[in-house]
Amino acid sequence: MRPPTSTLRRNVLLDRVVCQQPRLVIVPQSRLPGTLRRTLTTSRAPAATPSQRLKAGYFVSNAFLPRVKANGIHDSASSQRSSTVASTTSTTADTAHGSSSTTQPTTATDLPPVDNTLLPHRRRQAQRKAAAAAAAAAAANGETPTPLINPDAPTADLAPDASSQLAAAAASAPADSLKRRLSSLLSLSKPRLTVLVVLSAMVPYALYPVPSFLTSSALDTSLAPSLSPLTLLFLTTGTTLCSASANALNMLYEPDTDSKMTRTRTRPLVRRLLTTKAAVLFAVGCGLAGTLALYFGVNPTVSFLGAANIALYAGAYTPLKRISAVNTWVGAIVGGIPPLMGWAAAAGESATGDGTWRELLFASDGSSLGGWLFAGLLFAWQFPHFMPLSWGIRHEYKAAGLRMLAWTNPARNGRVALRYSLAFIPLCVGLSATGVTEWSFAVTSLPVNAWLVWEAIKFWRLEGHKGSARGLFWASVWHLPVIMVLALAQKKGMWGRVWRSVFGEPEEEEGEWVYEDEDEEEAAGVGEVVKGVVKK
């Protein structure tokens, strides 16, 4: 008996897929009308394989990225899983049969390498499975694996930092070659961190409101205010050298703890690519050259701030890491000093008094508030950036004996990150209120600050789990440059000056002056007539 037509139409809309519990049976379209009843009664028959209309990589997220090969994603992932399962099975079998070979302790560093062509989330999945397999093998051997690699860490997908790359390049060079020495010395300076420090000093220098910047006299090229490029050159050079000195002293102080952490064990002093004497000479030389460049090329106030930053970073922050979690706040102060250096450098060029630190940093007219607001921005930014970063490697910090809130007080770790994320909103409003930026900056910066606050809320609620640490870390990475670019693009009076320089000042018509003269003459005549009448 032929089934009702409505049933066939419904199956046509469903692409000829008929479901029966507990099995899904897929029937070819050409055979459905004649074999419908036989197909429904054969629930145990193997299902036919449907024709593949889309490629395997179609449903893979970010399949358009050049580094991803859609045809090999599943193959590489399955090979990773099979290799992991095979290694686990072989280890368990050897243990069960009482293998006489000596088994080395299994750690996270013994995991097989993960295919770098995989997407980041698939690499993390493969690393977690490999870590689980290694933990199972270690448990079978009666050992405890050391958690040196955390696939959930915010920096798990990052490429090695510049210091590690330079140290690797130095290690591959001949022992007495110039390349080995230069690469090792450059690695001591932590190039990426130094670049961030220099940029944080340059932005306030560029945003400093020159007093005559908003006046009409700025249209005259001979009177147009401008910040000296030579001062900017000395500022960037001196800040670079001071940062390199502080970073080198930091590495000199803690090579023993650096060797216990995966992110620092490739540093040049840990790998003995440099002697301690050479590192000391490099640190002292950079510190002296940097402070002298700031003293003679900028002003003594900026030079003092550069020297104070070296002393705080190397003399206070680094030793405190072994003693108390307060070290994070000291490190945040270190991060807030470079913006003050840039602001004081620009203020020194337009100083009207003696140009001392009181005038540059504590001006009576309130013109120095902008520098402190920028310092507050960089101070507050350290916490939503470092707290999720330290959470991902909290086991390493604990093993190395470095006291961080990520493992000493995880709940407070999230609260601190949230608290300082909320501080960005009033700080950005303050920059507009003090005349550093236009009021539009307070509006355009609000979505970026709200994004950071939202990620901080998730990090606080989940205490770093379920990807919340990674989300807050990457939000902080993007947050700071976006805020700086928005501030630069909305500097107070910048676009008005651009408009006047292109189209010029609006000229007043001559007729208006004529009318004014005529009105004055009429008024004068009326006044004389009134005086004559009064005399009569």
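Residues numbered from 1 in each chain as written. Predicted model: local features only at pLDDT ≥ 70, side-chain atom pairs only at ≥ 80, totals over all residues. Heavy atoms only, no water.

Observations concerning the overall build of the protein chain
Next up, step 1: Scanning the protein chain from terminus to terminus reveals 22 helices and two strands.
Next up, step 2: Among the 536 residues that make up the protein chain, the fraction classed as buried is 40%.
Next up, step 3: Across the protein chain, every contact between residues at least 6 apart in sequence was considered, and the portion connecting residues at least 24 apart equals 73%.
Next up, step 4: Looking at the protein chain as shown, the accessible area adds up to about 29600 Å², and 62% of this sits on carbon and sulfur atoms. (Helix = DSSP H or I, 4+ residues; strand = E, 2+ residues; numbered from the N terminus. Buried < 20%, exposed > 50% of the residue type's maximum accessible area, 1.4 Å probe, protein only. Contact = heavy atoms within 4.5 Å. Areas by Shrake-Rupley, 256 points an atom, 1.4 Å probe, with all protein chains shown as cover.)

Quick word on unusual backbone geometry
Next up, step 1: In this structure, Lys190 takes a positive phi of about 50 degrees despite not being glycine.
Next up, step 2: Assignment of secondary structure puts Lys190 in the loop between α6 (178–188) and α7 (191–207).
Next up, step 3: Overall, the relative accessible area of 11% leaves Lys190 in the buried class.
Next up, step 4: Unlike most non-glycine residues, Arg272 shows phi in positive territory, near 60 degrees.
Next up, step 5: With respect to the secondary-structure elements, Arg272 resides in the loop between α9 (255–258) and α10 (276–297).
Next up, step 6: For Arg272, a relative accessible area of 72% translates into the label exposed.

Structural notes on the pattern of salt bridges
Next up, step 1: Counted under the stated rule, the structure contains five salt bridges.
Next up, step 2: For Lys492, the salt bridge is made with Glu438, and the minimal N-O distance between the two is 3.8 Å. Here the residue Lys492 occupies a position in the loop between α20 (468–489) and α21 (494–503), and Glu438 occupies one in the loop between α18 (424–433) and α19 (440–462), the gap between them amounting to 54 residues.
Next up, step 3: The class of Lys492 is partly exposed, set by a relative accessible area of 30%.
Next up, step 4: Overall, Glu438 belongs to the partly exposed group, its relative accessible area being 27%.
Next up, step 5: A salt bridge links Lys458 to Glu455, with the shortest nitrogen-to-oxygen separation between them at 3.5 Å. Note that Lys458 and Glu455 are positioned in helix α19 at a spacing of three residues, about one turn of the helix. (Salt bridge = Lys/Arg side-chain N within 4 Å of Asp/Glu carboxyl O.)

Quick notes on the side chain of Ser183
Next up, step 1: By secondary structure assignment, the location of Ser183 is in helix α6.
Next up, step 2: Apart from residues lying up to four places away in sequence, Ser183 is in contact with Leu166 and Ala170.

A few points about the UniProt feature "transmembrane region" (unreviewed entry) in the protein chain
Next up, step 1: Here, UniProt's "transmembrane region" (unreviewed entry) annotation points to residues 193–210, 230–253, 274–296, 302–320, 327–348, 422–442 and 471–489.
Next up, step 2: For residues 230–253, the end-to-end C-alpha separation is 35 Å, with 100% helix and 0% strand making up the annotated structure.
Next up, step 3: For residues 471–489, the end-to-end C-alpha separation is 27 Å, with 100% helix and 0% strand making up the annotated structure. (UniProt positions renumbered as here; feature names shortened; annotations may be inferred.)

So, the nonpolar core
When a protein is soluble and globular, its nonpolar side chains tend to lie buried together.
Next up, step 1: Val302, Phe374, Leu377 and Met387 are the most contacted members of the largest nonpolar core, which totals 73 residues.
Next up, step 2: Viewed by domain, this core spans two of them, domain 1 (171–208 + 226–364) and domain 2 (365–491), each represented by three or more residues.
Next up, step 3: With residues up to four places along the chain from it excluded, the contact list for Phe374 reads Val203, Pro204, Leu207, Pro339, Trp343, Leu431, Val436 and Met484.
Next up, step 4: Within the second largest apolar cluster, 10 residues are counted, among which are Leu269, Leu274, Phe282 and Ala283. (Core = buried A, V, L, I, M, F, W, Y, C linked by side-chain atoms within 4.5 Å. Domains from an automatic or database assignment.)

Regarding helix α17 (residues 410–422)
At 3.6 residues per turn, the α-helix brings residues three or four places apart onto the same side.
Next up, step 1: With 13 residues, α17 should reach 18 Å at 1.5 Å per residue; the first-to-last C-alpha distance of 19 Å fits that figure.
Next up, step 2: Within the span of α17, buried status applies to Asn413, Gly414, Val416, Ala417, Leu418, Tyr420 and Ser421.
Next up, step 3: Along its buried surface, α17 packs onto α12 (327–349), α14 (369–392), α16 (405–408), α18, α19 and α20. (Expected span 1.5 Å × (residues − 1).)

Here's the deal with the side chain of Lys190
Next up, step 1: We note that Lys190 is buried and unpaired, the nearest opposite charge coming from Glu254 at a distance of 5.9 Å.
Next up, step 2: Filtering out sequence-adjacent residues up to four positions away, Lys190 remains in contact with Ser163, Asn247, Asn250, Met251, Arg267 and Tyr313. (Lys, Arg positive; Asp, Glu negative; His and termini not counted.)

Quick word on the state of the cysteines
Next up, step 1: Evaluated as defined, the whole model comprises zero disulfides.
Next up, step 2: No disulfide involves Cys242; its nearest neighbouring cysteine sulfur is the one of Cys286, lying 9.2 Å away.
Next up, step 3: Since its relative accessible area comes to 5%, Cys242 is described here as buried. (Disulfide = S-S within 2.5 Å.)

Focus on the packing of aromatic side chains
Two measures describe an aromatic ring pair: the distance that separates the ring centres and the angle between the ring planes.
Next up, step 1: Enumeration over the complete set of coordinates arrives at 13 aromatic pairs.
Next up, step 2: Between the aromatic rings of Tyr295 and Phe296, the centroid separation amounts to 5.1 Å while the plane-to-plane angle is 80 degrees, which identifies the pairing as edge-to-face.
Next up, step 3: Owing to a relative accessible area of 67%, Phe296 belongs among the exposed residues under this scheme.
Next up, step 4: Where Tyr313 meets Tyr317, the ring centres are 5.3 Å apart and the plane angle is 25 degrees; that geometry is what we call stacked. Placement of the pair is Tyr313 and Tyr317 together in helix α11 (residues 300–320), with a separation of four residues, close to one helical turn. Of the two residues, Tyr313 and Tyr317, neither departs from the other in class, the shared state being buried. (Phe/Tyr/Trp six-rings, centres within 6.5 Å; stacked < 30°, edge-to-face > 60°.)

Re the confidence of the model for the protein chain
Close reading of the predicted structure is inappropriate where its pLDDT is low.
Next up, step 1: Per-residue pLDDT for the protein chain has a mean of 76; in total, 65% of the residues score no lower than 70.
Next up, step 2: Below a pLDDT of 50 lies the segment residues 43–52, which in the model reaches seven contacts outside its immediate sequence neighbourhood of four places, other chains included.
Next up, step 3: Every residue in residues 509–516 is under pLDDT 50, and counting partners more than four places away or in other chains gives one contact. (pLDDT = per-residue confidence, 0-100.)

Digging into the packing of α7 against α12
Next up, step 1: Two numbers describe how α7 lies on α12: the axes approach to 7 Å, and their chain directions differ by 35 degrees. For the element pair α7 and α12, the recorded crossing hand is right-handed. Seen from α7, the contacting residues are Val197, Ser200, Ala201, Pro204, Tyr205 and Leu207; seen from α12, they are Pro338, Pro339, Gly342, Trp343, Ala345, Ala346 and Glu349.
Next up, step 2: Classifying every residue of the contact of α7 with α12 gives 10 nonpolar, two polar and one charged. (Axes fitted to C-alpha atoms, helices over the stretch in contact; angles between N-to-C directions. Left-handed = near helix turned anticlockwise from the far one by under 90°. Nonpolar A, V, L, I, M, F, W, Y, C, P; charged D, E, K, R; others polar.)

Some details on the environment of Gly464
Next up, step 1: Tracing the backbone through its elements, the reader meets Gly464 in the loop between α19 and α20.
Next up, step 2: Once the C-alpha coordinates of Gly464 and Ala406 are considered, the two residues, 58 residues apart in sequence, prove to be 9.2 Å apart.
Next up, step 3: Discounting residues that sit within four places of it in the chain, Gly464 has contacts with Trp391, Phe459 and Ala469.

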